Amino acid sequence: MSTRYSSSLKFLFLSILVVNFSLSVSKSFAFQSDELLADDEEFGIEGGRSADPAVLTRTISSPPAIRKRSSDLGSDTDSKIQFSLEHAFGDSDFSSAGTFSARLKTWSHGGQTLTKLRFSRNGLSETEKENLKKLLEGDDFYRIRVPSNVFTPPGREYIVSSVKARCLPRDGLDEHFMIHMEGVNILAINYGSPGSCPYPRQLKIPAKWSFKSHTVLKNGEQAPRTPVFTEEVVGENGEGEVPPPERPFWAKYWMYLIPLGLIVMNAITQAMNMAEEQGNGQPGTQTQQAVAGAQRGQPTAVRRR
Amino acid sequence: MNIVFRVFLLLLTIFSSSYPTLCIYEDQVGHMDWHQQYIGKVKHAVFHTQKAARKRVVVSTEENVVASLDLRRGEIFWRHVLGPNDVIDAIDIALGKYVITLSSGGTILRAWNLPDGQMIWESTLSGSTPSKLLLSIPTNLKIGKDDVIFVYSSGCLNAVASIDGEVIWKNELTSEGGDVQQLIYPEGTDIIYAIGLVGLAQFDAYQINVKTGELLKHSSMVFPPGFSGDLLFITSNIAVGLDSTGSILVAVHFQDGAISFHQTRVSELGWDFSGPAVMLPTKLTGMFALEINKSIVFIKVTNEGKLEVLDTLGHSTAVSESLYLSEGQQAFGLVQQGDGKIILTMKLGNDWTNNLLQETIQMDYQRGIAQKVFINTYVRTDRSYGFRALIVMEDHSLFLLQQGEIVWSREDGLASITDVMVSELPVEKDGVSVAKVEHNLFEWLKGHLLKLKGTLMIATPDDVAAIQKMRLQSSEKSKMTRDHNGFRKLLIVLTRAGKLLALHTGDGRIVWSLLLDSLRKSETCQNPRGLSLHQWQDPHHHVLDENPSVLVVGRCDYSTDSPGVLSIVDTYTGQERNHMGPTHSITRVIPLPFTDSVEQRLHLLLDVNRQARLYPRSNEALDIFQRELGNIYWYSADVDEGILKGHAVQNNCILEIADSYCFNTRDLWSIVLPSESEKIIATATRNSIEAVHTQAKVTSDQEVMYKYISKNLLFLATVAPKAVGPIGSVTPEESWLVVYVIDTVTGRILHRMTHHGSQGPVRAVFSENWVVYHYFNLKAHRYEMSVIEIYDQSRLENKDILKLLLGKHNLSSPITAYSRPEVITKSQSYFFTHSLKTLAVTSTAKGITSKQLLLGTIGDQVLALDKRFLDPRRTINPTQAEKEEGIIPLTDSLPIIPQSYVTHALKVEGLRGITTVPAKLESTTLVFAYGVDLFFIRLAPSRTYDSLTEDFSYALLLITIVVLVIAIFVTWVWSEKKELQEKWR
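Residues numbered from 1 in each chain as written. Chains lettered and ligands numbered in written order. Predicted model: local features only at pLDDT ≥ 70, side-chain atom pairs only at ≥ 80, totals over all residues. Heavy atoms only, no water.

If you check an unreviewed UniProt entry, chain B appears there as ER membrane protein complex subunit 1 from Fraxinus pennsylvanica. Annotation of chain B in UniProt includes, under Sequence similarities (unreviewed entry), the sentence "Belongs to the EMC1 family." UniProt lists a comment for chain B under the heading Subcellular location (unreviewed entry), and it reads "Endoplasmic reticulum membrane". (UniProt positions renumbered as here; feature names shortened; annotations may be inferred.)

For chain A, the name recorded in an unreviewed UniProt entry is ER membrane protein complex subunit 10, with Fraxinus pennsylvanica as its organism. Listed in UniProt under the heading Subcellular location (unreviewed entry), the comment for chain A reads: "Endoplasmic reticulum membrane". Recorded in UniProt under Sequence similarities (unreviewed entry), the annotation for chain A is "Belongs to the EMC10 family."

## Looking at the overall build of chain B
Across its full length, chain B holds seven helices and 65 strands. Overall size of chain B, expressed as C-alpha extent along the three principal axes, is 120 × 85 × 60 Å. A total of 985 residues make up chain B; the buried ones form 56% of that total. Looking at chain B alone, contacts between residues at least 24 apart form 51% of all its contacts between residues at least 6 apart. For chain B, the accessible surface area stands at approximately 42900 Å², while carbon and sulfur atoms represent 52% of it. Placing the 93 positive and 107 negative side-chain charges of chain B at their respective mean positions leaves the two points 5 Å apart. (Helix = DSSP H or I, 4+ residues; strand = E, 2+ residues; numbered from the N terminus. Buried < 20%, exposed > 50% of the residue type's maximum accessible area, 1.4 Å probe, protein only. Contact = heavy atoms within 4.5 Å. Areas by Shrake-Rupley, 256 points an atom, 1.4 Å probe, with all protein chains shown as cover. Lys, Arg positive; Asp, Glu negative; His and termini not counted. Charge placed at Lys NZ, Arg CZ, Asp CG, Glu CD.)

## Some thoughts on the overall build of chain A
In terms of regular secondary structure, chain A is built from six helices and 10 strands. Across the 305 residues that make up chain A, the buried fraction comes to 45%. Counting contacts in chain A only where the partners sit at least 6 residues apart, residues at least 24 apart contribute 65% of the total. Surface exposure of chain A reaches about 15800 Å², of which carbon and sulfur atoms provide 55%.

## What to know about the sheet that holds strand β5 (residues 141–147) of chain A
All names here are of chain A. Overall, antiparallel pairing links the five strands, which are arranged β4-β3-β2-β5-β6 in an open sheet. What marks the edges here is a single partner per strand, and that holds for β4 (112–121) and β6 (158–164). Along the sheet, successive strands turn relative to each other by an average axial angle of 25°, direction set aside. In this structure, strand β3 (residues 95–106) lies alongside β4, joined through eight bridges in antiparallel fashion. Across the sheet, S101 pairs through a bridge with R118, a residue of β4. Lying over the sheet, helix α3 (residues 126–138) contacts β2 (79–89), β3 and β5, oriented at roughly 55° with respect to β2. (Pairing = 2+ DSSP bridges. Axes fitted to C-alpha atoms, helices over the stretch in contact; angles between N-to-C directions.)

## Quick notes on the side chain of R56 of chain B
Residues and elements named next belong to chain B. Position of R56 among the secondary structure elements: in strand β3 (residues 56–61). For the buried residue R56, which engages in no salt bridge, the nearest side chain bearing the opposite charge is D116, 8.1 Å off. Each residue touching R56, except ones within four places of it in the same chain, is listed here: V46, F47, H48, S68, L69, L71, F77, L114 and P115. (Salt bridge = Lys/Arg side-chain N within 4 Å of Asp/Glu carboxyl O.)

## As for the environment of Q650 of chain B
Secondary-structure assignment places Q650 of chain B in strand β48 (residues 643–652). Along the sequence, Q650 of chain B and F663 of chain B sit 13 residues apart, while their C-alpha atoms lie 6.7 Å from each other. Excluding anything up to four places from it in sequence, Q650 of chain B contacts D91 of chain A together with N664, T665 and R666 of chain B. A polar contact of 2.5 Å, which involves the side chain of Q650 of chain B, links it to the side chain of D91 of chain A. (Polar contact = N/O pair within 3.5 Å; in protein donor to acceptor, adjacent residues only side chain to side chain.)

## Here's the deal with the state of the cysteines
Residues and elements named next belong to chain A. Within this structure, the stated rule accounts for three disulfides over all chains. Paired by a disulfide, C167 and C197 hold their sulfur atoms 2.0 Å apart. On the sign convention where negative means left-handed, the S-S torsion of about -75° between C167 and C197 marks this disulfide as left-handed. Taken as a pair, C167 in the loop between β6 and β7 (173–182) and C197 in the loop between β8 (185–192) and β9 (211–219) lie far apart in primary sequence, 30 residues in all. (Disulfide = S-S within 2.5 Å.)

## Re the sheet that holds strand β9 (residues 119–124) of chain B
Within a sheet, neighbouring strands are paired by backbone hydrogen bonds and run either parallel or antiparallel to one another. All names here are of chain B. As summarised here, the arrangement of the four strands in space is β6-β7-β8-β9, forming an open sheet in which the pairing is antiparallel. Two strands bound the open sheet, and with one partner strand each, they are β6 (88–94) and β9. Taken over all neighbouring pairs, the strand axes of this sheet differ in orientation by 15° on average, direction set aside. Judged from the five bridges that link them, strand β8 (residues 108–113) and β9 form a sheet pairing that is antiparallel. The residue of β9 that forms the bridge with A111 is W121.

## Things to note about the packing of aromatic side chains
Counted according to the given criterion, the structure contains 29 aromatic pairs over all chains. Here the aromatic residues F83, F89, F100, F119, Y142, F177, Y191 and F211 of chain A are joined through ring pairs into a cluster of three or more. Stacked on the ring of F487 of chain B, the Lys or Arg R938 of chain B has its end atom at 4.0 Å from the ring centre. (Phe/Tyr/Trp six-rings, centres within 6.5 Å; stacked < 30°, edge-to-face > 60°. Lys NZ or Arg CZ within 6 Å of the ring centre and 35° of its normal.)

## Here's the deal with the pattern of salt bridges
Applying the stated rule across the entire model yields 40 salt bridges over all chains. Between D570 of chain B and R577 of chain B there is a salt bridge, with its nearest N and O atoms 3.6 Å apart. One salt bridge in this structure joins D667 of chain B and R610 of chain B, with 2.8 Å as the shortest N-O distance. Taken together, the positions of D667 of chain B in strand β49 (residues 662–672) and R610 of chain B in the loop between β45 (601–606) and β46 (611–615) put the pair 57 residues apart, joining distant regions of the chain. Here the salt bridges share partners, and the residues they tie into one network are E157 of chain A together with R610, K645 and D667 of chain B.

## Brief notes about helix α7 (residues 954–984) of chain B
In a regular helix each residue adds 1.5 Å, so 31 residues correspond to 45 Å; α7 of chain B covers 45 Å between its end C-alpha atoms and thus fits that length. Taken as a whole, α7 of chain B has its buried residues at A955, L956, L957, T960, V963, L964, A967 and T971 of chain B. (Expected span 1.5 Å × (residues − 1).)

## Some thoughts on the confidence of the model for chain A
Residue and element names in this part refer to chain A. When pLDDT is averaged along chain A, the result is 68; 58% of the residues meet or exceed 70. Confidence drops under a pLDDT of 50 for residues 231–243, and excluding neighbours within four residues, the segment shows nine contacts in the predicted structure. Confidence drops under a pLDDT of 50 for residues 281–305, and excluding neighbours within four residues, the segment shows 22 contacts in the predicted structure. (pLDDT = per-residue confidence, 0-100.)

## Quick notes on the nonpolar core
Most often, soluble globular proteins keep nonpolar side chains buried together rather than apart. Ranked by internal contacts, the top residues of the largest apolar core, which has 58 residues, are F100, L114, Y142, F177 and I179 of chain A. The leading source of residues in this core is β8 of chain A, at five residues. Within the second largest apolar cluster, 37 residues are counted, among which are A67, A415, L491 and F936 of chain B. (Core = buried A, V, L, I, M, F, W, Y, C linked by side-chain atoms within 4.5 Å.)

## Considering helix α4 (residues 619–627) of chain B
Residue and element names in this part refer to chain B. Turning to α4, its buried residues number three or more, namely A621, L622, I624 and F625. When α4 is viewed along its axis, its buried side chains cluster within an angular range of 165° and face the same direction. Along α4, the residues that are exposed and aim more than 90 degrees away from the buried face are N619 and R627. Of the surrounding elements, those touching the buried residues of α4 are β44 (588–595), β45, β46, β48 and β49. (Arc of directions from axis to C-beta.)

## Comments concerning the pairing of strand β57 (residues 770–777) of chain B
The two faces of a sheet get side chains in turn, since along a regular strand they alternate between them. Residues and elements named next belong to chain B. For β57, the buried fraction is high: eight of the eight residues fall into the buried class. The loop that links strand β56 (residues 758–767) with its antiparallel partner β57 comprises two residues; one of these, E768, has a positive phi angle of about 45°. Sheet topology places β57 next to strand β58 (residues 782–792); eight bridges connect them, and they run antiparallel. From the neighbouring strand, N777 faces β58, where its bridge partner is R782.

## Here we look at unusual backbone geometry
All names here are of chain B. Here the amide bond leading from Y615 into P616 is cis, since omega sits at -5°, within 30 degrees of zero. Position of P616 among the secondary structure elements: in the loop between β46 and α4. Residue P761 follows G760 across a cis peptide bond; omega there is 0°. Along the chain, P761 turns up in strand β56. Not every positive phi belongs to a glycine, and R383 is a case in point at roughly 70°. Its location among the elements puts R383 in the loop between β32 (370–379) and β33 (385–393).

## Concerning the confidence of the model for chain B
Residue and element names in this part refer to chain B. Overall, the prediction assigns chain B a mean pLDDT of 85, with 92% of residues at 70 or greater. Contacts of residues 7–22 to residues separated by more than four positions or lying in other chains number 32 contacts, the stretch itself having pLDDT below 50. Low pLDDT (under 50) marks residues 432–438, which in the prediction has 10 contacts with non-local residues, meaning those over four places away or in another chain. Interface scoring of the predicted complex returns ipTM 0.76; its pTM is 0.81.

## Points about a nonpolar patch on the surface
Residue and element names in this part refer to chain B. Residues L449, L958, I959, V962, I966, V970 and W974 make up a contiguous nonpolar surface patch of roughly 570 Å² in combined accessible area. Looking at the nonpolar patch, the element that brings in the most residues is α7, giving six residues. Within the fold, V962 resides in helix α7. Owing to a relative accessible area of 44%, V962 belongs among the partly exposed residues under this scheme. (Patch = residues over 30% accessible without salt bridge, like charges linked within 9 Å, V, L, I, M, F, W, Y side chains within 5 Å.)

What follows is the structure, given as structure tokens:
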């Protein structure tokens, strides 16, 4: 048993490495924890899905038939567990709507998680169809609930979720469950249509009165750890980034710069005038310069004020 | 013409260049900020006037402040704010130079130096049983060489040396579960008497040797009917109590171990009394006071234990303690309430009929009734006794009365602000401007000339002082009308006393105050308290004919099911427009995003029976509400059970009296947190009126990221139930912190993340699409701050220009929570040095200016931290493009830049909250921090890029222009002349 376990662990570890690498190419500093991610990764691979660590299993089941899973990676301590889904139309009472079945996996460190979640939905009865139709017409809520503890239903209280009934119809009735778990406790169930539900909601009567269910099991993520640096990195601590509390150039010297700018402009105008006059007549150059000099003196006086 | 145009170009350049004000300069302190110091409602006061150059009064308050006040002007000499758990139980003065405080349930005894407030010593008194707390400082008692203080706390009598706080002896008196009520030390003897009760029926008297603490004699006697409460000690050998039925007065005579009881029926006193009597906790010699039938009866006790009624006064009378005058005489003071005035009466202890003094003082009705009075005596110039009285009013303000006048007053209700709202000021029009502030052109020019001198650094020290004074008293900022930049506003604050005050943001002065009648103690409302303030009416279209108003929500008692009270107050006039109550219970107030035709905001009030009531109660509001009924959702969190629930409105209530404004609610979703592993410790939601400028964020590689912006997001933090205690009470292995981002319409968990080895306290702030939270990391032994940013993936395909052109984008479609969100979150954690008291974020008018986090540090200061430091996309070596985008290289801890303390050198003692309000000027935000102190400042997180600073010298600019124009003309004339001369040559 222990060797089998260790080999599976090895496989696990490899897969973690691969996925981890793909996750953290961009951030080489990241210290991904290997404890909690482990189970996520495992089922990511088991299901043959993408490396999205959140998705554990994804069962697409139409009401009569349940798709069977073939691969088996569980340990000996697995046990089957079932809990029921109940639904209500508007403010009516809850009635049974289907059953979730899953395997309970007990980890060597004592934790328990659910894996391989499957869902089988009961077909809608005639009265339920009527009720649903009424909901669609009234744009009212279709509500579902599951127990908060899968061991001892209903646990402390039922987990309730609801959706505007008009969000469900496509061809048939499409629904999407995302079940947030913490061990054997269900925290919350996000229920709704798998896609968008544009507002204002249009009344659409489905062609088929059967549900197409998508279920996703989600365990919590681990927060990224705070990066810890060695001295030299700390050395270049954001100090360079912080602009010094100095007034900028303009703020400090504008009163000197304005007269200076004016002098320059004045000089340029003078120079242009001079050029023109030079074109007009050669004599008088001497005096013209004198005038320019005098004019240059004038703004300098302004500056000294 | 050409030159003129250029001059204008130049001017344009000047105007567009901005003044950076990341931090303020030394001379700008007090220019755009103000700071006010308070102490809170006074509990005890001890005067220190004998042989002291500076006469002072030492007070302890309900805000756990011990302070020394100047008796002449009411200023604070020194003050210490003890922690929120360090409640001061008693104060006194020892040795004439130390202030002794007993705090923390009688476990900590401290001595403070009277002149400067330095702590001299601190000693911890141990004990097991909680008991009454007594502090007694005999004047002339020495054990060995030490002067001694007697402290009774935790069931033990301690003798403490007043010079160094050392416990000389300790005697556990109440081993059999009794409680000592009084310590009596007859001067000049060696015995201290401790008088107490065991189980309210057995009267005990202990005699203890003061030198050794040895119990000399213990005598007791059972009073079979039992006492109803504490005893009052009338003289050194007579105590008075009420029996358990409240109808018999019992005088207990005790002397040298002999105890005897004298019973007198209350009805025998010759008055026509009915109903239960209550003893008032007075400390008078030879008499006591009973409250019967809402009036106060003063009863004299003779030496033989006979009772004799002296007088009956109205029930709003405050009585002081007895004050020893020199010839063995005693005096006490009474404060009675008149119409708009209070009457202070001083009487001699043994002579009821004659008054030593009677003074009538005009008192603002908004102060309420006098609650406490402390008296002090002084010798007048004619060698007779004069009295001064320190009065605590119902609104927690403090007054010193002397010679029939108010010497000074302190508005100490402001130390206990419970909620803050901001109101606009009236627009400027004829007859509205309250303050006369315009001044003539000459003064204006003079001021600017002074400024010019300052800029050119040719100002004399006198001029500099004048400039500084001018800046601080700039009348512009304290005007009573709206300004162009939106800097002038009214801060409407609600205090614990149930008083509403309006503070001007310019200088912090009180514009009006209103003691709400609905929040005053009455028959129907025993323990009223204000809960929150809400914007009731904020006119924009009707700004000239409607005044804005606020809704004050209160509750009659501490429990959530007690009746609620509502009142609506005009923020311009400070008058109550309307009030309601006591009415249904109020658990929550939800401001709806709808207003009626006079711009009154619709509010939904929830009660404990989970019924929602709509306000204002008008048909129009009901119509609007019915229209939007399907789009109103809210959530509730049960912290004890760990359950979150989502609710919506269902239908009208079925009540005995039909009420079309009452609605039943229904549950839509629930989240049940496992009670064995998670406990809610913090939540944060977005401010519902926050402006977000852009929904998209363009990254350095020309990619667009769409922010997931929803007003219905909730941040929730839970910890392991074991880790609820203080830091260090759990090991890192058994402690974790789980954070959630939840959509409150559908109950979807958008993000859930666990921080292992971390624990609270958690402070969080939610803004735009990000949340920042602060917690303690047990593994790293440091505080950490984390950021979570949420981005919307479903709108990524909008980048296709072709689709945009063809209109096949979903940018303009309404966003609904019922679509399955495709969000990604980015997160990052950083170490942070300080522990925090509160956390806030700046808010600006349009949300363009970058944000700063405002951290209320443990040192009662406010630190501004750029949100850029808490960017989850920071990397160790950002590329050039990323650097241009403003991404700072990754560091493991957040920097604390000393210049970014917005409170600069000041402290906001007892900091409890920070409120930020956008100004009309986009770059600027107004920050109000409150606690025991108040602090207000104008901040510009990205510098004032959209305006000139106030010290911009217009005069210099004007002079420059004038001089230049003259110069142009002179040179022009000059050159014309020259030219003419040239031509004539």
